[in-house]
Every structure is written in C-alpha cells, then in structure tokens.
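Given next are the chains, with one letter for each unit.
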Amino acid sequence: MSIALLAVQTIIIILLAPFIQGVIKNTKGRLQSRRGPRYLQPYYDFLKLLRKDSVISPTVSWIFHFAPYIYFATAIAAAALVPTVFTFSGLKFDNLFVLVYLFALGRFFLAAASLDAGSSFGGMGGSREMFISVLVEPPLMLALFTVAFRANSTNLSVMATTAAASTVSFSAVLAAVAFLIITIAETGRIPVDNPDTHLELTMIHEGMVLEYSGRPVGLIFWASTIKQAVFILLLVNLFVPWNITGIAPVLTALWMLLKVLIVAVLLACIETSTNKMRLFRVPGLMAAAGVFSLLALIAQ
Amino acid sequence: MLIEQLYLVSLGLFILGSCSPMFTKGSAKATNYLAHGLATLGCVVTIVLAISVLLTGNHTVAFSLGAPIGLIKARIDYLAAYFLLAFGIVGVAASVYAIGYSREYYIHRLALMAALYNAFLLSIALVLTISQVLAFVIVWELMTVVSFCLVNHEYEKTGNTSAAYLYILMTHIGTAFIGIAFLLLATAANTLDFELLKTGALTGMLRNVVFLCALIGFGTKAGVIPLHIWLPEAHPAAPSHVSAMMSGIMIKTAIYGMSRFFLEFLGAGPEWWGQLVLILAIISSVFGVLYALMEHDLKRLLAYHSVENIGIILLGVGAGMVFMSKGLPVLAALAWAAGLYHVFNHAVFKSLLFLGSGAVLYATHTKDIEHLGGLIKKMPYTALFFLIGAAAISALPPLNGFVSEWLTFQALFFLPQAVGGLVGKLWSVILIALLGLTGALAGACFVKAFGVTFLAKPRSKKAEQATEVPGTMLVAMGFLSLVCVAAGVWPQWMLAILQKVLSSYAGIAAASLFQNSDWYAIAFQAQQAGGVLAMPVVVIMVIIGFGVAVVFARLAGSPKKDAGETWTCGIIPNARMEYTATGFAEPIRRAFGRVLNPVDVVIADKSRNPYHGVKITIHVHITHYISELMYRPVSNGLYTFANYLRKIQAGSLQLYIGYIMAVTVIVLIIGTRW
Amino acid sequence: MELLTILLLVAAILQTRVSNLRLAINIILVQSVFVALACAIIGFQTNETHIYIAALLTAIIKVGLIPYALYRVLPYLHEEREKRARREIVSANLSTFMALLAIILAYGMLSPKFPGVAVAYALPASISLVLIGLVFIMTRSQAVMQIIGLITMENGLYLLGLSMTQGLPLIIEMGIFFDVLVAVVVLVILTYRLKLSFMSTDTSLLKKLKG
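Cut-off values and rules
- Residues numbered from 1 in each chain as written.
- Chains lettered and ligands numbered in written order.
- Predicted model: local features only at pLDDT ≥ 70, side-chain atom pairs only at ≥ 80, totals over all residues.
- Heavy atoms only, no water.
- Contact = heavy atoms within 4.5 Å.
- Buried area = accessible area lost by both parts, 1.4 Å probe.
- Salt bridge = Lys/Arg side-chain N within 4 Å of Asp/Glu carboxyl O.
- Polar contact = N/O pair within 3.5 Å; in protein donor to acceptor, adjacent residues only side chain to side chain.
- Helix = DSSP H or I, 4+ residues; strand = E, 2+ residues; numbered from the N terminus.
- Pairing = 2+ DSSP bridges.
- Buried < 20%, exposed > 50% of the residue type's maximum accessible area, 1.4 Å probe, protein only.
- Phe/Tyr/Trp six-rings, centres within 6.5 Å; stacked < 30°, edge-to-face > 60°.
- Lys NZ or Arg CZ within 6 Å of the ring centre and 35° of its normal.
- pLDDT = per-residue confidence, 0-100.
- Expected span 1.5 Å × (residues − 1).
- Bend = angle between axes of the 7 residues up to and from the residue.
- Axes fitted to C-alpha atoms, helices over the stretch in contact; angles between N-to-C directions.
- Parallel < 35°, antiparallel > 145°, perpendicular 65-115°, else oblique.
- Left-handed = near helix turned anticlockwise from the far one by under 90°.
- Nonpolar A, V, L, I, M, F, W, Y, C, P; charged D, E, K, R; others polar.
- Domains from an automatic or database assignment.

### Here we look at the interface of chain A and chain B
Here is step 1: Listed per partner, the contact involves 71 residues of chain A and 83 residues of chain B.
Here is step 2: The contact between chain A and chain B buries some 6,800 Å² in all, and 76% of this surface belongs to carbon and sulfur atoms.
Here is step 3: Taken together, chain A and chain B are joined by zero salt bridges.
Here is step 4: Taken together, chain A and chain B are joined by six residue pairs in polar contact (both at pLDDT 80 or more).
Here is step 5: Elements with a minimum of two residues in the side of chain A that touches chain B: strand E1 (54-56), helix H3 (62-81), helix H4 (96-116), helix H5 (120-151), helix H9 (215-239) and helix H11 (282-298) of chain A.
Here is step 6: At 16 residues, H5(A) tops the list of elements feeding residues into the side of chain A that touches chain B.
Here is step 7: With three bridges joining them, E1(A) and strand E5 (residues 561-563) of chain B adopt parallel strand pairing. Its bridge partner being in E5(B), Ser54(A) is matched across the sheet by Lys561(B).

Here it is in structure tokens:
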C-alpha cells in the first residue's frame, strides 16, 4: 500500500516539476514587462524534444549515451526520497546523504560526458559545474544539519516531521535564507548561473550539456526541473514548514503546492533583480550561506 | 589445528614464491607464472584462513626461536583476520594482475622483482599476525626494506632513487617512534607478548607519551599530514601491482597497528587523544584531496587520494576514541566500524585504481594524463573498471565508498553526544561539512582523471597507439570491481564481521550494533537514535528511473541518430581543442589559491615569428606548504650544521693524529687527577 | 731493568732527531731489542715459561720480521729522506723538545709508587713512550717514519703490559703481536703502492683527497 502511495507521490512530483519551471519563467517575463511564456510551455517543449532526432559526434563513447539516462534516473530516485505530503520511512532509504550523493552521481556522469565530445565548451562547463558543486557541498551539509540536529536523525522523514512541529524562530529564518541561496546554486539560477543563455561565458549547466540534442536534451531538461522541484520541496518542508494541522491530506497538499509556487515566484524575483555573479565571487556567496547556517545552528 | 596449518601453508607458499625465481632463472615466462602463481595461491589460502578464523574464533600459533627473541607467538584474532581478509582479496587481484603486467619487465630483472614481491607479501602477512614485540619490529623493518627495494626497482629512471630514500628515511623515523611506544609498554607490563601488554600499569604521563609515539610512528607509515611527504614520491615510483599493494594494504598495516594500540593496549584514554586524531584526520582529508586535484600524473594523484582516505579512516577512528573516552560504547563501536570498514573499502577501490593506472601505463607508457585521451575506445574494459573505482572513491551510491562514508558521517553526527553543548555541535557540523567538501573534491578530481584520460580524442601519439591490456590484468580488475559493487549493495556481511571484530574490546559494545538489519538494509541502534540505509532499495529506485527514462526516450519511436562532428566553430576538431586537465582543475585552484599558492610560469617562445605562432608553455606549480615550512628548514639546518662540521676535516693526516694525541693527553690528565 | 727503561727512553728521544730512514729503522730495532730483553728479565724474575715465549716472540717479530719488512721497502724509496726544508713540519729540536715535554707530563702525572708492583717505575716510561710515538706520527709526513712511530707506541704499550701485570696471558700477547705484524705489513705494502702511484711517500699529499 505504501509503495503505491509512494509511486503516486513521485509521479505527481515528476509531472508537476515542469509546471514549476513554467511559473518561474512566466513570472520572470512579467517582471521584465513582457507577457512571458505560457505556464505549460515546458511540457510542450519536452514533448517536442521527444520527437526530435539526435546529432551525435563520433568522438563520444558510451558514457555520452549513458549519462542523460542516469541523470534522469537519479532525479526520479531523489523525487521518491523527498518528504512531501506523505513520508515513507518504512522503505528505509530516505537518508539525507542518499539524496545529496544521488545528485552527485548524476552530476559525475554528466560532467564526464561533457568532456566526452572533446569540445572546449563542454570541458569548461563540466569544470565549472564540478567547481560549483565543490563550493555548494559544505553549506548544503551545514544547512541540512541545522534541521538534522534538531531532529536528532539524518532521516529525511523524521526531519520533516520534527520540522513540521516547530515554530517560527530566528534560527529557522536564517537557515531558510541559507538554503535558499544553496537552492539557487544547485539549480543553476542567477546569480550563480544563467539558465536561459547558451554562451560559454554565462553558462555552467547549459555548457555541460551543449553537445546533446533531441531526446537526451529533453530528458536532461526534465531532470533539471525535477531537481529544482526537489530542492524547493526540501526548502518548503524542512525550513518553512508551518503546516496547518488537523485537515485532510489533500488540503495539506494544496497548501504545500501554494508554498512551492510562492518560492518559485520568489526565485523569479531574485533572478530578475540581480545579475549573474562573476564565477570567482561565488565562493563568497557560498561562504555567506555557510555562515548563515552556522549562525542558525548557534541560535538554536 | 586447521588454522595453524593454513597459516603455515600460506607463509610457506610465499617463501616458496620468493625462492622460485632462483630455479626458473632461464625462462622469464616461467618465472613470471610460477612466482606470481604461488603468490596468488598464498593469498587465496590467506583468505580461507581469515574466513575460518572469523567463523571459529581466535587462534594462536606459537613458534619458539630461542634467545634472545624467545617465544614468538603469532596470534590471529578477529582484528588480524579482518585485515588478512582485505590483504588476501587485494593480494589475489594484484598477483593475478602481475602475471600480465610483468611482461613489461621481462628484461628488467623480473626474477628479482617477483622474488621481492613474494617477500613483500610474506612480510605483510607476518606483520598482521605476529604478536610479540621484538618479532613485530623485525618484520615491520623487513616489510620496509623489501618495499624500499621494490620502490627502487627501476632505478634507472630519474627520481626513483631519491623517492626511495625519502621513503625509507621517513619510515625509519616512524619505526623509531613505534619502537619507543612498544618499549615503554613492554617495560611497564614486563612482557613482550601482545596479549599481555594491556595489563601493564602506566601512569598518565607515560600513557600520553605512548599514545603520541604510536600516533606519530604509525602515522608516518599511514601517510597522515604532516608526515605524508614520502607517499606521493614512493607510490608512483614502484611498479603498478606493488603500488596497489603498498597503497591498498601496507598503509593499512599502520592502521592495524593503531587499532592494536588504541583498542587493545591502551584502551580508552582522555578525550584529547580522539580530538587530536580528528584534527589530523580532517586536515589530511582536505589537503590530500586538494593536492590530488592539482596533480596530472595519474599515480601521484592516486597517492594523494590515499592520504585523503587515510584521513577519512582516521575520522572514524578518532570519533571512536572520543566516544570511548566518554563512555559511550555503542557509538564507539559505530565509529570504529566506520573507520575499519573504510579500511576494507579503500583497500579494494584504491588497488583497483592503481591497477587501472598500471594498465594505462602498460598500454601507453606514460602516466601524464595531459598526454592521454580517447582510451575508452581502445581499452573499453579498463575504462569500465577504472570508472567503477572512480565512482567508488567519490562515494557515489551504490558502491562501497558511499557506505563507509555514510557510516563515518553518522558517527560524526552523533559526536555532540560525547562533546557536549554548542561546541560539540559546531565541531561535529564543521567536520561533516569538511568531509562533504572532500567528497565533492574527490568527485571533481576523478571526473577530471577519468574524463581526460579515457574520453574524447587522444592527445598524443602514445595514446593513439594504445591497445587493450592482457586478460589477466582485466580479470584482476574485474574481480576487484565486483567486490566494490558487492560491498556497496550488500554491506551486511562485512558489518557482521566488524561486529565480531569489535566485540572483544573494552569500551566498545558492538554486539547489538547492527542487529536490526533486514536482508536489504543495514540499521544501527545507538543511544537515542538509529540510522538506516537500504542500498538495494536505492539501486532499485535508480533502475526504475533508468527504465522510465528509456521509456520516455522511446515514446515517439526509436530515435534516429545522425553523426555530426563536434562543433568547433567550423574548424575540424583536433585534440588540441579539448579541455586540458590543468584547465579543468583551474577554477578550484584559483578558489583555493590562498591555501595552495599557485605559481604560473609562462614561457613564450617567439623565436619563429613574434607576431603569429607564438608557442606558449605554461607550468603551474603549487606550493606544498608542509614541505616548505616543516621539512625544508630542517634539511637546510642539517646542511648548514654539516658544513660547519666539515671544517674539522682538514684532510691532513697529521691533524687527525693530533686530535688523537690531544684526546689521549686529556684522558691521561683526567684519569690521574680524579 | 731500570737501566733498560732509561735506555728505551734515550732511544726514543734519539729517534726524534734522525731524518735518515735507514738510521731510524736501526734505532727502532735497538728499541725492540731492549723491550725483548726487558721481557726476558721479567720472565727470569717471575719464572714463568709463557713470558719467555713472549720474549722470544718479541724478538722474532719486532727485532726480526718488522725491520726486515721495512728494509725490504727501503730500496724503492731511495732518495727519500725527511727533507727538512720542504716537508718537515717541525725541526729536530722542536720534536725533541716535545718528546721531553711528553716525558715530563708522564712522570708528573703518574706516581711511580704503586704498592705491590715490582717494576712500577716502568709505568710512566711506557706512557711517555706512547706519547712520544704519537708525537712522532704527528710531526712526520713520510710514511716509513709514521710506521716507526706506530711501532714506538706499540713498544710502549707492550712495556706497560709487561710491567703492570708481570706478563699478560699468552693469548693476548699473541693477539697483540699478530695485530702489529699485520698492521705493519699492510702499511709497508701501502707505502710501496704510494711510492708507485705518487712518486713519493709524503703523506701530506693525502690532503688532496679531501672532497
């Protein structure tokens, strides 16, 4: 029974992820005095990409073919782990380290594949992606551990339950801000990376996947939106969790969706209001996130 | 009795293996097969021995060699059996690998190398089992000397001899400290037998001295920063299967020694012991992997990663010591289990990686990854096994590196229960963050190493002419990869072994540690909370996701794939357009520039045409602060002192006789006046 | 016995004045004769056979074999003498003065009154012989002269052993003899090789070997 519920929840997250991306893009458009793309545009993009053929360089090896699938697979597995409306501790695998390192697995293969085509764009993108991942990892651990210490466990479901029972406090706000910065870094949004362009100077994630075309691009694009959704869900459930108790799960789900959309709009506002940072200023930003997390820990 | 016989058989096989080249000197092929075959058999027997000891119980084999050493006992208890198991697995792989790899050495004194290799295996087996102080120091020295000879085997290449000298110098400094520690213990307990050493009553100050001497002594052999300077020199200089044994097992004998000291001889000590070990461990981890990222010699890179992983092992050990000192036996068991499990895992995947780099060396005759590339098409199996090793060392699920790092993370997570208050939480969270940092850096480093070596186009002629390596090498690497995957997806059996290993020491309660495990999950119960990890479920989730991805990709029919060359602005792409390894690591080098202090030396060769076609060579050096700040002043001071002393040596015979006369007269006067 | 002691010291002082190689070897021969005689007298006094054997051995080796070896090497060293002008470190007068200093030092430091020992007066003499031998080696740069200095030292030590203990055990005596014999033979061979290689046996040339 719980497996079926888990599957349903995962499928819903996977299906809703492009919608969140659409909301962000639309909001950005509106803030830039444009009409902005439709909310459902990412779905159309994905369906279009699923019908396209690929142009593949003869330099590549099986890693290049394998990487998008493994990236998508880890994104789905992460979506199954993340605590949303229902938490499933019975299956015993939703540990926060598993989540973090599943993403690392996907990123490893994608970065390796970026070197595979033998182009400088790919190499630069891969190098910068690993660079950003190195910088993000300590603040990510720090931020997640502020919640983990309170819950006295590294199990995501236990952490979510404990967080849901907590109240607004200064340390929670600090931790939330820190995790917001980390979300921006992990999902490749301005000010860390520009998800809209495809020039080597402004792209990190996009540069890494420059050589892909057709269906793999669709898979990677969808996996990125799932990753974004997972991080927003983590932010919402662990750091700003204040649920209304005592109502039916459907209403809890709707409340959660509302919070997610609010965060999406917030992300869009942040993206519009600032510009992309120089690459070597990102360590400073990550250090700031780390300091916020430490302060949150101290203030607990 | 069976165990005693197995032990003697394994030792005998190694001895036979080291003597056999004498008889097969005529034919290099026969030497190769016979010596390495005997080594393989010896390692297989060692595995059987270890498993039987783990199943039946402690066992002691006693030899008597007369004065002055007296009775020598070889004790194979659970701890020794655990290390012997790791030794056996890695040894089997390395020996089988050596059969194929030694073809490169047919003209290079193969008989000597095969004999020394067997002697090396023999000495390691002895070190792990001998339980008498003097005999232990003797076989420790034997191991050092044999590995010195092996490191120096290709002494024609520049740099190998100085690397070997540095290695033996540092190891002997370590052995001196180990000797001091052992002697202090032995005089206090008035016995030379390991089993009775813990009964000695040492006062507080002496216990601290013994602890520090053991830490420095074994730390030199293990490669803990700041005593690690020999590791990046010695491991690349040795032949590849020897490097695998050295990095996989020999530095683990140092961890074995530390475990004996901290678990058995000394027992629980004050808290600052564990904290000191934790500090050294985290420094080793972070700096080890940072320096590894800056290397583009494949074996030096792997050697620095050994430093990093020793740091991770010591994180578990240090946390265990802290828990022991605070009287939290279950958590101590968890932490020690994490450290010891990482010993096994590191042995397996590090030797896999060294064997892989040896295969690359065999095929292309270069270790410089800037000259490699595109090897995945020429050496597909090697690339696959190297990829598995790289994924394991980057702690990616579902391989074994992830499981032991997960256990280490959990041990560190529970650290605030030992070190109370805000300080405990901060210290624990800083350690966890830095450990995460090392994991991410290791991942970046291996994307670089694997990507630049195997992917894209070959960057030099040597890489273009590579072919797949002989079958025995592939079999060995494949075996180790299988162990990696197995230990990652089903770690329960290893953890059950660790439970047995740790259950016999004071201050640790391992008996009930992992009892809630089902067939698909490992779970531990600590003081207030537990942790759960189900690797097979993760694997299943990933496979399901994979299937979904494939389904989506095939939704609109099978994709048509056109071939189109990589876009390089219209030029035909060649290897010079690919990303270099130095370039790949450059953002990290810059971001950590304060610590690494990189120096770029740019040489522009404008001889042909000053405006167009300038040839630019860039050398990037980083400053190794520890060598600069610690070792260079010491060696400079020694040189200056020696230069002063040189003035006494005037070269004149008369002056020397004059020295003798002066001393004689002085002795005469003193002798008669007092 | 006392007379012999004084004669030994005189011979040693005499040696510091010569620079002719043949004469120096002759003097050392005379010195060894005196030592053998002293040994025989001690044997007569204590009436033990092994001391007679030791005296005989002294006579054979130190009076016979060693000077013979030295004489053998001499023809190759014709024209060698301890040339005063160039290579001598100290003049004859200065080396005699240093020998006298050594004797005064020895006699001053060591009291010749040891209870229970008959020939205790030989103790300072033997120490002074050792010191004179050292001075000799130090102040001469010719190889054969340094061998002679070594033999003087050896004589002194032998006398010490004789007088203090009324005769060392035979095994030790034999050991000492063989030691000296081998040392001298080796040195003689080396001198010959030195002459061949460097055309001279001036040991101050060895300074060039310093790295």
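### Notes on the pattern of salt bridges
Residue and element names in this part refer to chain B.
Here is step 1: Tallied over the entire structure, the rule returns 14 salt bridges over all chains.
Here is step 2: Among the ionic pairs, Glu295 bridges to Arg300, the shortest N-O distance being 3.1 Å.
Here is step 3: A salt bridge links Arg459 to Glu578, with the nearest nitrogen and oxygen atoms 3.2 Å apart. Taken together, the positions of Arg459 in the loop between helix H17 (421-454) and helix H18 (461-464) and Glu578 in the loop between E5 and helix H22 (581-584) put the pair 119 residues apart, joining distant regions of the chain.
Here is step 4: Taking relative accessible area as the criterion, Arg459 reaches 17% and is therefore assigned buried.
Here is step 5: Shared partners join several salt bridges into a network, and the residues in it are Arg75, Asp77, Arg260 and Glu264.

### Observations regarding the arrangement of the chains
Here is step 1: Looking across the two pairs of chains in contact, one finds the most contacts between chains A and B.
Here is step 2: Separated in space, chain A and chain C share no contact, their closest pair of C-alpha atoms being 54 Å apart.

### What to know about the packing of aromatic side chains
Here is step 1: Following the criterion strictly, the structure yields 47 aromatic pairs over all chains and no others.
Here is step 2: Aromatic side chains Tyr82(B) and Phe83(B) sit 5.9 Å apart centroid to centroid with 85 degrees between the ring planes, which places their arrangement in the edge-to-face category. Across the pair, exposure class does not vary: Tyr82(B) and Phe83(B) are buried alike.
Here is step 3: Joined through ring pairs, the aromatic side chains of Phe97(A), Tyr101(A), Phe145(A), Phe149(A), Phe402(B), Phe409(B), Phe413(B) and Phe414(B) make up one cluster.
Here is step 4: Against the face of Phe103(A) rests Lys227(A), its NZ or CZ located 5.3 Å from the ring centre.
Here is step 5: Geometry around Trp140(B) places Lys221(B) over its ring, the cationic atom sitting 5.2 Å from the centre.

### A short note on the confidence of the model for chain A
Here is step 1: Mean pLDDT over chain A works out to 85, with 93% of the residues at or above the 70 mark.
Here is step 2: Within chain A, no element has a lower average pLDDT than helix H6 (residues 156-164) of chain A, which sits at 80, and none a higher one than H4(A), at 91.

### What about the environment of Phe145(A)?
Here is step 1: Relative to the assigned elements, Phe145(A) resides in helix H5.
Here is step 2: A C-alpha to C-alpha distance of 31 Å links Phe145(A) and Lys25(A), two positions 120 residues apart in sequence.
Here is step 3: Leaving out residues up to four positions away in the same chain, Phe145(A) has contacts with Leu96(A), Phe97(A), Thr154(A), Phe413(B), Val429(B) and Ile432(B).

### Thoughts on H5(A)
Residue and element names in this part refer to chain A.
Here is step 1: When the terminal C-alpha atoms of H5 are compared, their 46 Å separation across 32 residues agrees well with the 46 Å that a helix rising 1.5 Å per residue should span.
Here is step 2: If you look at H5, its biggest bend is around 30 degrees, right at Val136, and the proline Pro138 turns up within four residues after that.
Here is step 3: With 28 of 32 residues buried, H5 is to be regarded as a mostly interior element.
Here is step 4: Of the residues one or two after H5, Asn152 is the one with positive phi, at around 55 degrees.

### Some words on the packing of H11(A) against H17(B)
Here is step 1: The N-to-C vectors of H11(A) and H17(B) enclose an angle of 155 degrees; their axes lie 10 Å apart at closest approach. Taken as axis vectors, H11(A) and H17(B) run roughly antiparallel relative to one another. Where H11(A) crosses over H17(B), the two elements pack in a sense that is right-handed. Contacts from Leu294(A), Leu297(A) and Ile298(A) of H11(A) reach H17(B) at Leu422(B), Lys425(B), Leu426(B) and Val429(B).
Here is step 2: For the contact of H11(A) with H17(B), the per-class residue count stands at six nonpolar, no polar and one charged.

### Overview of unusual backbone geometry
Residue and element names in this part refer to chain B.
Here is step 1: That bond from Ile225 to Pro226 is cis: its omega, 10 degrees, falls within 30 degrees of zero.
Here is step 2: Positionally, Pro226 belongs in the loop between helix H8 (204-222) and helix H9 (231-237).
Here is step 3: Following Pro397, the chain continues into Pro398 via a peptide bond in cis, with omega recorded as 0 degrees.
Here is step 4: Here the phi dihedral of His365 falls at roughly 60 degrees; this positive angle occurs in a residue that is not glycine.

### Considerations on the confidence of the model for chain B
Residue and element names in this part refer to chain B.
Here is step 1: With 93% of its residues at a pLDDT of at least 70, chain B reaches an overall mean of 85.
Here is step 2: When pLDDT is averaged over each helix and strand of chain B, the minimum, 64, is found for strand E3 (residues 522-525) and the maximum, 94, for helix H15 (residues 380-393).
Here is step 3: As scored by the predictor, the complex reaches a pTM of 0.83 and an ipTM of 0.92.

### Thoughts on the interface of chain C and chain B
Here is step 1: Listed as interface residues are 19 residues of chain C and, on the opposing side, 17 residues of chain B.
Here is step 2: Where chain C abuts chain B, roughly 1,500 Å² becomes buried across the two surfaces, and 76% of that area is made up of carbon and sulfur atoms.
Here is step 3: For the pair chain C and chain B, the interface holds zero salt bridges.
Here is step 4: The tally of links between chain C and chain B comes to zero residue pairs in polar contact (both at pLDDT 80 or more).
Here is step 5: Of all the elements, helix H6 (residues 122-139) of chain C adds the most residues to the side of chain C that touches chain B, at six residues.

### What about the domain arrangement of chain B?
Here is step 1: Each assigned domain of chain B is listed with its residue range as follows: domain 1 (300-554) and domain 2 (625-673).
Here is step 2: On a C-alpha basis, the centroid separation for the pair domain 1 of chain B and domain 2 of chain B is 52 Å.

### Remarks on the environment of Val192(A)
Residues and elements named next belong to chain A.
Here is step 1: On the secondary structure map, Val192 appears in the loop between helix H7 (170-187) and helix H8 (205-208).
Here is step 2: Val192 gets classed as buried once you look at its relative accessible area, which sits at 1%.
Here is step 3: Sequence-wise, Val192 and Lys276 are 84 residues apart; in three dimensions their C-alpha atoms are separated by 6.0 Å.
Here is step 4: Not counting the four nearest positions on each side in its chain, Val192 is found in contact with Ile132, Ile184, Ala185, Ile204, Lys276 and Leu285.

### Notes on the side chain of Ser247(B)
Residues and elements named next belong to chain B.
Here is step 1: As for its position among the elements, Ser247 is in helix H10 (residues 240-265).
Here is step 2: By relative accessible area, which is 0% here, Ser247 ends up buried.
Here is step 3: Filtering out sequence-adjacent residues up to four positions away, Ser247 remains in contact with His235, Lys252, Ser306, His346, Lys350 and Phe354.

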